[in-house]
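# Understanding the architecture of this molecule
One-letter residues, chain by chain:
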Amino acid sequence: MQFAGSHILSVHQFERADVERIFSVADDMLPYAQRSRVTKVLDGAILGSMFFEPSTRTRVSFGSAFNMLGGEVRETTGFENSAIAKGESLYDTARVLSGYSDVIVMRHPTPGSVSEFAAASRVPVINGGDGSNEHPSQALLDLYTIKSELAARGRGIDQLRIAMVGDLRHGRTVHSLCKLLCLFNDLQVVLVSPEELSMPAEIVEELRTQGHAVLESDVLEESIAHVDIVYSTRIQEERFASQEEADLYRGRFRLNQSVYTSHCEPNTVIMHPLPRDSRDNARELDDDLNDNPNLAIFRQTDNGVLVRMALFVLILDVADQVDQHARDVNWYTQRRF
Amino acid sequence: MQFAGSHILSVHQFERADVERIFSVADDMLPYAQRSRVTKVLDGAILGSMFFEPSTRTRVSFGSAFNMLGGEVRETTGFENSAIAKGESLYDTARVLSGYSDVIVMRHPTPGSVSEFAAASRVPVINGGDGSNEHPSQALLDLYTIKSELAARGRGIDQLRIAMVGDLRHGRTVHSLCKLLCLFNDLQVVLVSPEELSMPAEIVEELRTQGHAVLESDVLEESIAHVDIVYSTRIQEERFASQEEADLYRGRFRLNQSVYTSHCEPNTVIMHPLPRDSRDNARELDDDLNDNPNLAIFRQTDNGVLVRMALFVLILDVADQVDQHARDVNWYTQRRF
Amino acid sequence: MQFAGSHILSVHQFERADVERIFSVADDMLPYAQRSRVTKVLDGAILGSMFFEPSTRTRVSFGSAFNMLGGEVRETTGFENSAIAKGESLYDTARVLSGYSDVIVMRHPTPGSVSEFAAASRVPVINGGDGSNEHPSQALLDLYTIKSELAARGRGIDQLRIAMVGDLRHGRTVHSLCKLLCLFNDLQVVLVSPEELSMPAEIVEELRTQGHAVLESDVLEESIAHVDIVYSTRIQEERFASQEEADLYRGRFRLNQSVYTSHCEPNTVIMHPLPRDSRDNARELDDDLNDNPNLAIFRQTDNGVLVRMALFVLILDVADQVDQHARDVNWYTQRRF
């Protein structure tokens, strides 16, 4: 695809080469995200960060990524601040707000709303999550993490063996990730969930059509025995009719160090889109894994910054200028972990 | 007036020459707002954006305008975050907050509050709307739009023929606009509203005293037949005692392409302070006008950035330095519309 | 202590030399805070401003201090935007958010939470207030103000005579200030409060152990007669079981110009952590003192910017680079007061 000036609305818009291009640029962002170098390539540019639904990590991750490229961020959060409540159409909102910035990241609770907004926007729009529909930058950072973790083990994404565990029905991230995985070859995908929370049939079908081996199970231990990646997810209680119904499933699949040691191959990578539910009756990924070097969940969120920087750089067409506008960092940057 | 260091609290503080000065500087801001040039003239300056009442577009417009001049923005939104709830006086709030920035934009639901705040502020304050009272930057951007649209038709503001339509009683923007229009000569002003929502008598009187011809009507079609500008407004339902009462008026005056074609002169400019109410039972300005090149409503909001940049530049006394601190933009800036 | 890379969590971590170091750097920040000079020493650095509890002045003061050093600020305010509501541990929140910035300021309603967060953060954390526990930058700015005001009178902090007045039980600021005062010598501390709202016994004990003279009283007039500083505080009504209970104490101690003239030595400095409660039934510090040159309450909040700049500069280890990255301000900077 042509990145310059494009919207990023759905994982479906990417070919394999596009994903590889994004990842290659993301790799180049590492010294800036790790704070050894500062670049001002987007000095003077403005990101409109339009979050019509609460979010901390996605919002701050996008904002910091833009700041790390030298740009400014103008934000809005929540609906109460919005003309939409006075009957304004998304078309009008988009026409107006797109006059205030060079690129927009938007989150909105209604599926399809970000695409509708993008159609009227005069500047490129990145979908930061439209309800249960799409969240492409999350899928990209997940896949980028898989790529990075496997690369450290001398492997590529083709022939990947991955188990996805938990609430596969409501989990937007696993849906999008599966769609991206369809761009690669010969995968083994184990889907572990209570039957009521299983992966939508059309996604399973899409994986199989692409030639991947898909196994469905509701037993954790056997399912994670022969995989490269365990991708755990939270039971999304807020999507259930009642807390009681959600509680039927919370805590069903618990990966902890003892389960890991007994059942997983050495060096199996553990991922999670976060937040993980650390309350006693959930704990899908136990805190006792925190010292396990294969726990990649925080590298995963760090990778979010790299991937989002890459998207900005590609959309605003400055990939080949980043290093020109760079210098070494002059303040304290040592990290504690 | 002397702009450097001044508060901008009311349209009443301007002479015609002041308005023309603001517009001249606003013209100069165009390459920066259109993103062909970047200036850092306010690099290091801080705008305190103090919105004690919700707002997206005004808040982001001011913030982006300041960013486009190279400055930083610190924001607060809503009351819950405020010491005012603990019994702090506006005097104290102003003394404290004005120590944190170089200029302040403030919105507050109470008429007169921004002036009270400004009296205690150590830095210049711009009124971003104080309840039903004043919103001077909106009036300026409206008049600037009138000037620009007429200039493209080879005309000036003097001898302007304008129809204002809708909720003229509650519409702060039309009140302020009328006051600014009093600075010009020989206007014809047609005021179209339900009788219960008519323009306050003192404003009509002010226009007439200034020598302008004022006609009042409650019929849309005949009123827009011989004007240069139709300025449509939303029924401000939130100002009515009940939704039922507001609904008596919503949808009363509907301008759409067919009405426009049948009744307006060619090239009649359509304006609206936005948001327009696009719900079926309102639609004071129909979506089918969106492709009409005379629909100026989005040029109007774009002009808001120019006018706000001009106010900052004048208040902070850097009008003659903007270009010195400028360079060409190095990222993708093509607009879709 | 070693400042570079350190967390700032509690006043207890400071030795006297540390406090003096912070104050010396704060002095150097004056031209930048007063806007005669601009520095870009932290150009490209990012502050994560994580306020899980409402705050305007502390939040904006930290943010502006960071902007005045050339850095960028990413913010979150309130809990509704937080993954914590979905069961995320503070450990996870810290690991994630600390990947987005170079230093974090955090406020949280739960005592101890900021320290818990800091233990998992990869970047330095400043405690911006953790419930009733600590708010070290407030204590530092109070002591810095005492130092500055006394210096103007040819005095140092040793041998200081200070009266603290009001709600000494709930007032986090007076608790922390007392702890800092323990680093100095031969003080006379008069504690004026209703008996029910008296200073916690362990703090009184700590002062006495350090060799300071402590007097407790519930009469205002006699207590402020022979002191250098009167430090007034608001009755923290939100900490009481009911408004009725709080109202038993609001308005009990009222310092106004007439009381000041009758009882205080000339040039006695008046301080207050703000907000002061200016409603008629409170007025612990009357508005009629606003023209009294010894009213230091707004110099106090201004000093907050200096002290916060100093903390950033020390933690990020750029104290000796600030002036190298500086230039004169090019915009209007005259202050009204």
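Here the structure is shown first, and the text comes after it.
Read on for a plain summary of the structure. Not measured: the values here are computed from a predicted model. Every chain is numbered independently, its residues counted from 1 as its sequence is written. Ligands are numbered from 1 and chains lettered from A, in the order in which they are written. Only residues with pLDDT of 70 or above have their local features reported here, since the model is predicted, and side-chain atom pairs are shown and tallied only from 80 upward, although totals for entire chains, interfaces and linings are computed over all residues.

### Side note on the overall build of chain A
Filter applied, for reference: The secondary structure listing takes helices from DSSP runs of H or I that are at least 4 residues long and strands from runs of E that are at least 2 residues long, numbered from the N terminus. Here the globule rule reads 2.2 Å times residues to the power 0.38, and the radius of gyration is calculated from C-alpha atoms. Three exposure classes are used, based on other C-beta atoms lying within 10 Å of a residue's own C-beta, which is placed from the backbone: buried for 20 or more, exposed for 12 or fewer, and partly exposed in between. By definition, residues are in contact whenever their C-beta atoms, placed on the basis of the backbone, come within 7 Å of each other.
The helix and strand inventory of chain A stands at twelve helices and eleven strands. Rg of the C-alpha trace for chain A: 20 Å, near the compact-globule value of 20 Å for 337 residues, within the 12% margin. For the C-alpha atoms alone, the extent of chain A along its principal axes is close to 55 × 50 × 40 Å. The buried share of chain A, taken over its 337 residues, is 57%. Contacts spanning at least 24 positions in sequence make up 77% of the contacts within chain A whose residues lie at least 6 apart.

### Considering the interface of chain A and chain C
Condition: Throughout this entry, Asp, Glu, Lys and Arg are counted as charged residues, while Ala, Val, Leu, Ile, Met, Phe, Trp, Tyr, Cys and Pro are counted as nonpolar. The remaining residues, Gly among them, count as polar.
On the chain C side, the residues contacting the 33 residues of chain A number 32 residues. Those elements that place two or more of their residues in the side of chain A that touches chain C are α3 (57-68) and α12 (297-315) of chain A. Tallied by class, residues from the side of chain A that touches chain C come to eleven nonpolar, twelve polar and ten charged.

### Here we look at the relation of the copies chain A and chain C
Filter applied, for reference: C-alpha atoms of residues with pLDDT of at least 70 in both copies form the basis for the least-squares superposition of the copies.
When chain A is fitted to chain C, the residual RMSD is 0.0 Å, and the transformation amounts to a turn of 120 degrees plus an axial shift of 0.0 Å. The two molecules are tied by a three-fold rotation axis, judged by turn and shift. Relative to the rotation axis, the closest C-alpha in chain A is found at E72 of chain A, a distance of 4.7 Å.

### Concerning the packing of α3 of chain A against α12 of chain A
The angle between the axes and the distance between the axes are what describe a pair of packed helices. Residues and elements named next belong to chain A. Worth spelling out the cut-off: Only the contacting stretch of a helix is used when fitting its axis, a line to C-alpha atoms as for every element, and angles between N-to-C directions run 0 to 180 degrees. When an angle is under 35 degrees it counts as roughly parallel; over 145 it counts as roughly antiparallel; between 65 and 115 it counts as roughly perpendicular; any other value is oblique. Put simply, a crossing is left-handed when the front helix is turned counterclockwise from the back one by less than a right angle, and right-handed when it is turned clockwise.
Two numbers describe how α3 lies on α12: the axes approach to 8 Å, and their chain directions differ by 55 degrees. Judged on the interaxial angle alone, α12 and α3 are oblique. The interaxial crossing formed by α3 with α12 has right-handed handedness. Across the interface between the two elements, R57, S61, F62, S64, A65, F66 and M68 from α3 touch T301, G304, V305, R308, M309 and F312 from α12. Of the residues in the contact of α3 with α12, the class split is seven nonpolar, four polar and two charged.

### Quick notes on the sheet that holds strand β3 (residues 72-77) of chain B
Residues and elements named next belong to chain B. Applicable threshold: For two strands to be treated as a pair, DSSP must find at least two bridges joining them.
Read from one edge of the open sheet, four strands run β3-β2-β4-β5, paired in parallel fashion. The outermost strands of the open sheet, each flanked by one partner alone, are β3 and β5 (125-130). Ignoring strand direction, the axes of neighbouring strands in this sheet form an average angle of 10 degrees. Of the strand pairs in this sheet, strand β2 (residues 46-51) and β3 are connected by six bridges, and their pairing is parallel. Paired with M50 across the bridge in β3 is T76.

### Looking at the interface of chain B and chain A
Contacts between the two partners involve 33 residues from chain B and, on the opposite side, 33 residues from chain A. Elements with a minimum of two residues in the side of chain B that touches chain A: α3 (57-67) and α12 (297-315) of chain B. No other element matches the six residues that α3 of chain B contributes to the side of chain B that touches chain A. The residue makeup of the side of chain B that touches chain A, split by class, is twelve nonpolar, twelve polar and nine charged.

### Focus on helix α3 (residues 57-67) of chain C
In terms of residue burial, α3 of chain C counts as a mostly covered element, since eleven of its eleven residues are buried. Taken together, the buried positions of α3 of chain C are R57, T58, R59, V60, S61, F62, G63, S64, A65, F66 and N67 of chain C.

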